[in-house]
Number of protein chains: 2
Amino acid sequence: MLIQIEFQSDVPIYEQVTRQIIEGIARGEMKPGDTLPSVRSLAADLGVNMHTVNKSYHELEAKGIITIRPKSGAIICSTEERALTPEQLRQIEKNLKPVVAEGMVLGATAEQIEHMMKKVFADLQIPAEGV
Amino acid sequence: MLIQIEFQSDVPIYEQVTRQIIEGIARGEMKPGDTLPSVRSLAADLGVNMHTVNKSYHELEAKGIITIRPKSGAIICSTEERALTPEQLRQIEKNLKPVVAEGMVLGATAEQIEHMMKKVFADLQIPAEGV
DNA sequence: TATTTGTTATACAACTAATATAACAAATTT
DNA sequence: AAATTTGTTATATTAGTTGTATAACAAATA
């Protein structure tokens, strides 16, 4: 799985790593049970510091997406382990709200926004429906 | 229009102000042509510094949502003035992507995410369809 | 046994967020 | 015309974040 860092971006590097790993899992490029590269090797690949990758991994763990086994490695959680709690659903909705609101105020219609969402789904190659 | 700041939030204050003004416009609580309160008076109301509100207003101007008339005030742009450029559409899609991806990886189905989007639309009281 | 692993600690530079205070000049109100 | 309000600009300070750098530790692995 390829991770590409934009060093000029206003999105922090550790956040870019987190998002791209999430997208990689969504795309199916990485499956539950798979081991993430060690923080040292991924940091070397990306040309960033070890701690930056480590921060990303801990963010992923906090989100309930991976499990870090100390001195061993990071493993992608199974879908069963990822419970999708009401709290998580509320968080997703909270994240969705400002994006949708901004789109609306800028003049996007509900149809346009739904269309964009479908484009995002398609880009992330959902196994359901489309295939 | 009521703006509520969560001082313990990890979302910066100026960003909270920006988002809530956008949501206020989406809800129709503020209409195009309306004048925003002066940076000083809003800052006093919220109990924050003038510069914090000023930063928010300039963010709104950069997004093409308001026009700041120096020494006079900030006015909400009309829908005609808000062009909704392809660049803006791309930005919205870019903002939508990580939120949707995270939801999916956490185990949310496409239906659940679409349902959440409709909840957000309902919460923002879209004049179309629902009413 | 040697290497790799995540962890922890410390330090540093650059940047962001937020506040504080002040002064300026244009716009508005009285 | 005078007083007030306005956004602007400048400077300074405090606190926190981001990212890097280096090092050492102990457990896991080869």
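All values reported here derive from a predicted model rather than from experimental measurement.

*Asks:* Tell me about the packing of helix H1 (residues 13–27) of chain A against helix H4 (residues 86–105) of chain B, residues and numbers included.
*Replies:* For the pair H1(A) and H4(B), interaxial distance at closest approach is 9 Å and the crossing angle is 55°. Considering the angle they form, H1(A) stands oblique to H4(B). Once H1(A) is placed against H4(B), the crossing between them reads as left-handed. For the pair H1(A) and H4(B), the contacting residues are A:Arg19, A:Ile22, A:Glu23, A:Ile25, A:Ala26 and A:Arg27 in the first and B:Lys97, B:Pro98, B:Ala101, B:Glu102, B:Met104 and B:Val105 in the second.

*Asks:* Which residues make up the sheet that holds strand S2 (residues 66–69) of chain A, and what are the values?
*Replies:* Residues and elements named next belong to chain A. With antiparallel pairing, 3 strands are arranged side by side in an open sheet as S1-S3-S2. In the strand order of this sheet, the two ends are held by strand S1 (35–36) and S2, each with one partner. Of the strands in this sheet, S1, S2 and strand S3 (73–76) touch helix H3 (residues 50–62), which is tilted by about 125° from S2.

*Asks:* Can you explain the packing of aromatic side chains? Please cite residues and give values.
*Replies:* Under the criterion given, the structure shown has 0 aromatic pairs over all chains. For the cation-ring pair, A:Lys55 lies above A:Tyr14, with the distance from its terminal atom to the ring centre recorded as 4.3 Å.

*Asks:* With reference to specific residues and values, describe the domain arrangement of chain A.
*Replies:* By domain assignment, chain A separates into domain 1 (13–76) and domain 2 (86–123). Relative to domain 2 of chain A, the C-alpha centre of domain 1 of chain A lies at a distance of 26 Å.

*Asks:* Any chance you could break down the pattern of salt bridges for me, citing the residues and the numbers?
*Replies:* Residue and element names in this part refer to chain A. Throughout the structure, instances matching the rule amount to 18 salt bridges over all chains. The partner of Arg90 in a salt bridge is Glu87, and the shortest N-O contact between them spans 2.7 Å. Of the two residues, Arg90 and Glu87 both sit in helix H4 (residues 86–105), 3 residues apart, roughly one turn of that helix. Glu87 gets classed as partly exposed once you look at its relative accessible area, which sits at 43%.

*Asks:* How would you sum up the side chain of B:Glu23? Please name residues and give values.
*Replies:* Among the structural elements, B:Glu23 can be located in helix H1 (residues 13–27). When sequence neighbours within four positions are dropped, the list of residues in contact with B:Glu23 reads A:Lys97, A:Ala101 and B:Leu124.

*Asks:* So what's going on with the protein's contact with DNA strand D? Which residues, and what values?
*Replies:* Neighbouring DNA strand D are 22 residues; A:Ile13, A:His51, A:Lys55, B:Arg40 and B:Lys71 lie closest to it. Among all atoms of DNA strand D positioned within 4 Å of the protein, those belonging to sugar or phosphate total 61%. One of the backbone N or O atoms of A:Lys71 is found 3.4 Å from a sugar or linking oxygen in DNA strand D. At the level of secondary structure, the elements contributing two or more residues to the surface near DNA strand D comprise H1 and H3 of chain A together with helix H2 (39–46) and helix H3 (50–62) of chain B. Of all the elements, H3(B) adds the most residues to the surface near DNA strand D, at 4 residues.

*Asks:* Requested: an account of the relation of the copies chain A and chain B, with residues and values cited.
*Replies:* In screw terms, the move from chain A to chain B is a rotation of 180° and a rise of 0.0 Å along the axis, fitting with an RMSD of 0.0 Å. On the angle and the small slide along the axis, the relation comes out as a two-fold axis. In terms of C-alpha distance to the rotation axis, chain A has A:Leu96 as its closest residue, with the C-alpha 3.6 Å off the axis. Take the interface residues of chain A: 100% of them recur as interface residues in chain B, which is what a same-surface contact looks like.

What counts and how
Residues numbered from 1 in each chain as written. Chains lettered and ligands numbered in written order. Predicted model: local features only at pLDDT ≥ 70, side-chain atom pairs only at ≥ 80, totals over all residues. Heavy atoms only, no water. Axes fitted to C-alpha atoms, helices over the stretch in contact; angles between N-to-C directions. Helix = DSSP H or I, 4+ residues; strand = E, 2+ residues; numbered from the N terminus. Parallel < 35°, antiparallel > 145°, perpendicular 65-115°, else oblique. Left-handed = near helix turned anticlockwise from the far one by under 90°. Contact = heavy atoms within 4.5 Å. Pairing = 2+ DSSP bridges. Phe/Tyr/Trp six-rings, centres within 6.5 Å; stacked < 30°, edge-to-face > 60°. Lys NZ or Arg CZ within 6 Å of the ring centre and 35° of its normal. Domains from an automatic or database assignment. Salt bridge = Lys/Arg side-chain N within 4 Å of Asp/Glu carboxyl O. Buried < 20%, exposed > 50% of the residue type's maximum accessible area, 1.4 Å probe, protein only. Near = heavy atom within 4 Å. Polar contact = N/O pair within 3.5 Å; in protein donor to acceptor, adjacent residues only side chain to side chain. Least-squares fit on C-alpha atoms with pLDDT ≥ 70 in both.

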